[in-house]
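Analysis of the macromolecular model
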Amino acid sequence: MIIGLLNQKGGVGKTTLSVNLAASLAHTGARVLLLDVDPQGSALDWAAAREGKPLFPVVGLPRASVHKEIDQIGKDYDYIIIDGPPRVTDLARSAIMASDLILIPVQPSPYDIWAADEVVKLIEEAGIYKENLKSAFVVNRKIANTAIGRDVKEALSSYSVPVFTSSITQRVIFAEAAAQGKSVHEIDPQSSAALEIDAVKDELMGFIK
Ligand SMILES: Nc1ncnc2c1ncn2[C@@H]1O[C@H](COP(=O)(O)OP(=O)(O)OP(=O)(O)O)[C@@H](O)[C@H]1O
Ligand SMILES: [Mg+2]
């Protein structure tokens, strides 16, 4: 199963969700590979910041041929998480074509909701070639108890892409964990952040059944 975290909007949480969802899947005992398709190499930087044994391998592949190479690269894994690039490029198209499911992180801001039309268009284009391609929005950086946090799901309903019920709140632990090349589970497995990541992981697994 190949899950692409894609959104041409920068800074929405593609890398943050990629590393933490990969960690959450790895905790279930699954064999997980994280593919860094972003030329910025943020997931690779995350892995490099770590001391000690990696939770899962992280491989850099910022090439527009990723959809052609993925079968070979991913053959020994149960889940491959693709951390996608910002901007609409051949890289983003290739990452979409490589995926079985696209998860689109969006922040609860009108600008992010408007900007999501670009990635939705790319997914629709890819759907012509890939009939079974699935996609869903996941809200990231929700600010607890704000109206915008609640309204975002309604605003996103104008797109044909479903919105996950589970979402991720804005929490400093995500940056603290990233600075050490760790997942939020490793900082505190009972933290709200880890529980929210696990809820997104569970919804994801239900979605792809
Ligand atoms: N839920 C969250 N709570 C707090 N900080 C967050 C959260 N999600 C992301 N961030 C922070 O926001 C910044 C951008 O996140 P991230 O790098 O994951 O986005 P991205 O979509 O991968 O960006 P890019 O488009 O540059 O690849 C980072 O500093 C990250 O630590
Ligand atoms: Mg990133």
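A brief structural summary.

Cut-off values and rules
- Residues numbered from 1 in each chain as written.
- Chains lettered and ligands numbered in written order.
- Predicted model: local features only at pLDDT ≥ 70, side-chain atom pairs only at ≥ 80, totals over all residues.
- Heavy atoms only, no water.
- Near = heavy atom within 4 Å.
- Polar contact = N/O pair within 3.5 Å; in protein donor to acceptor, adjacent residues only side chain to side chain.
- Areas by Shrake-Rupley, 256 points an atom, 1.4 Å probe, with all protein chains shown as cover.
- 1 Å grid on protein atoms, 1.4 Å probe; cavity = no way out; pocket = protein on both sides within 12 Å on 5 of 7 lines; lining within 4 Å.
- Sits in = over half its atoms within 2 Å of the grid points.
- Nonpolar A, V, L, I, M, F, W, Y, C, P; charged D, E, K, R; others polar.
- Axes fitted to C-alpha atoms, helices over the stretch in contact; angles between N-to-C directions.
- Helix = DSSP H or I, 4+ residues; strand = E, 2+ residues; numbered from the N terminus.
- Parallel < 35°, antiparallel > 145°, perpendicular 65-115°, else oblique.
- Left-handed = near helix turned anticlockwise from the far one by under 90°.
- Contact = heavy atoms within 4.5 Å.
- Pairing = 2+ DSSP bridges.

1. Focus on the site of ligand 1
Surveying the vicinity of ligand 1 reveals 18 residues, the closest of which are K14, T15, T16, R141 and R171. One of the side-chain N or O atoms of K14 is found 2.8 Å from an oxygen atom in ligand 1. In the model, a nitrogen atom of ligand 1 is placed 2.9 Å from a nitrogen or oxygen of the R171 main chain. For ligand 1, whose accessible area on its own is 620 Å², the fraction buried by protein is 80%. Judged by the proximity of its atoms to the pocket grid, ligand 1 belongs to the largest pocket. Partitioning the shell around ligand 1 into residue classes produces four nonpolar, nine polar and five charged.

2. Considerations on the packing of helix α4 (residues 90-98) against helix α5 (residues 110-129)
Relative placement of two packed helices is described by the angle separating their axes and the distance separating the axes. For the pair α4 and α5, the least separation of the axes is 10 Å and the interaxial angle reads 50°. By the angle between their axes, α4 is oblique relative to α5. Every pair of crossing elements has a handedness; the one defined by α4 and α5 is right-handed. Of the residues in α5, those in contact with A92, R93, I96 and M97 of α4 are L122, I123, E125, A126 and Y129. Looking at side-chain class alone, the contact of α4 with α5 contains seven nonpolar, no polar and two charged residues.

3. Description of the sheet that holds strand β1 (residues 2-5)
Pairing within the open sheet is parallel, and its six strands lie in the order β3-β2-β4-β1-β5-β6. Looking at the sheet topology across the chains shown, the edges are occupied by β3 (58-60) and β6 (134-139). Ignoring strand direction, the axes of neighbouring strands in this sheet form an average angle of 25°. Pairing of strand β2 (residues 32-36) with strand β4 (residues 79-83), which is carried by five bridges, proceeds in the parallel orientation. Within β4, the residue paired with L35 across the bridge is I82. Across the sheet, helix α3 (residues 66-73) lies against β1, β2 and β4, angled at about 155° from β2, the strand it touches most. This element, helix α9 (residues 192-207), spans β1, β4, β5 (101-106) and β6 of the sheet and lies at about 165° to β6.

These values are about where atoms sit, not about what they do.
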